[in-house]
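# Structural overview for review
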Amino acid sequence: MKDLQLVRGPARGSEKTKNSHDDANWLQRSRELIAGLEHERLRVALTDAFEERAAIACFDGGLSRGEAEKLAFDELVAELLKDP
């Protein structure tokens, strides 16, 4: 059996996690943007997509939470601006 190794990102408050993106609450902004949409299924799908994209960018991409949420927010806006 292989030994498993737990890998952790930088500690909160470390230099890597501090940046200008952390100052903006992208999660709250995404919720406000999504809440204004008419269709419940679309709101649920976009909320799930935002959370999943932010998590992937944070854990797999090594971005801070703020950077990951900013990236997910930008992708959410791009998705909403697409032609149907």
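In this text the structure is predicted, and so the values were computed from the model without any measurement.

## Some thoughts on the overall build of the protein chain
What the protein chain contains, in helices and strands, is three helices and zero strands. Sequence-ordered secondary structure for the protein chain, helices as α and strands as β, is α-α-α. By residue count, 24% of the 84 residues in the protein chain fall in the buried class. Once local pairs closer than 6 in sequence are excluded, the contacts in the protein chain between residues at least 24 apart make up 54%.

## A word on the nonpolar core
Core analysis: the biggest nonpolar cluster contains nine residues, these being Ala24, Trp26, Leu27, Phe50, Ala54, Ala57, Ala68, Ala72 and Phe73. The set of elements that each furnish at least two residues to this core consists of helix 1 (26–35), helix 2 (40–59) and helix 3 (65–81).

## What about the packing of helix 1 against helix 3?
The axes of two packed helices give the description: the angle between them and the distance between them. Contact geometry for helix 1 and helix 3: axes closest at 9 Å, N-to-C directions at 20°. Regarding the angle of helix 1 to helix 3, the classification is roughly parallel. Relative to helix 3, the crossing made by helix 1 is left-handed. Across from Trp26, Leu27, Arg29, Ser30, Leu33 and Ile34 in helix 1, the residues of helix 3 making contact are Arg65, Gly66, Glu69, Lys70, Phe73, Leu76, Val77 and Leu80. Here the contact of helix 1 with helix 3 is built from residues that sort into eight nonpolar, two polar and four charged.

## Some words on helix 2
Taking 1.5 Å of rise per residue, 20 residues should cover 28 Å, and helix 2 covers 29 Å from first to last C-alpha, within 8% of that figure. Considered for burial, the residues of helix 2 that qualify are Leu46, Phe50, Ala54 and Ala57. Down the axis of helix 2, the buried set is contained in an arc of 70°. They therefore lie on one face. Away from its buried face, by an angle of more than 90 degrees, helix 2 presents the exposed residues Arg41, Glu52 and Phe59. Looking at the buried positions of helix 2, the neighbouring elements they touch are helix 1 and helix 3.

What counts and what doesn't
- Residues numbered from 1 in each chain as written.
- Predicted model: local features only at pLDDT ≥ 70, side-chain atom pairs only at ≥ 80, totals over all residues.
- Heavy atoms only, no water.
- Helix = DSSP H or I, 4+ residues; strand = E, 2+ residues; numbered from the N terminus.
- Buried < 20%, exposed > 50% of the residue type's maximum accessible area, 1.4 Å probe, protein only.
- Contact = heavy atoms within 4.5 Å.
- Core = buried A, V, L, I, M, F, W, Y, C linked by side-chain atoms within 4.5 Å.
- Axes fitted to C-alpha atoms, helices over the stretch in contact; angles between N-to-C directions.
- Parallel < 35°, antiparallel > 145°, perpendicular 65-115°, else oblique.
- Left-handed = near helix turned anticlockwise from the far one by under 90°.
- Nonpolar A, V, L, I, M, F, W, Y, C, P; charged D, E, K, R; others polar.
- Expected span 1.5 Å × (residues − 1).
- Arc of directions from axis to C-beta.

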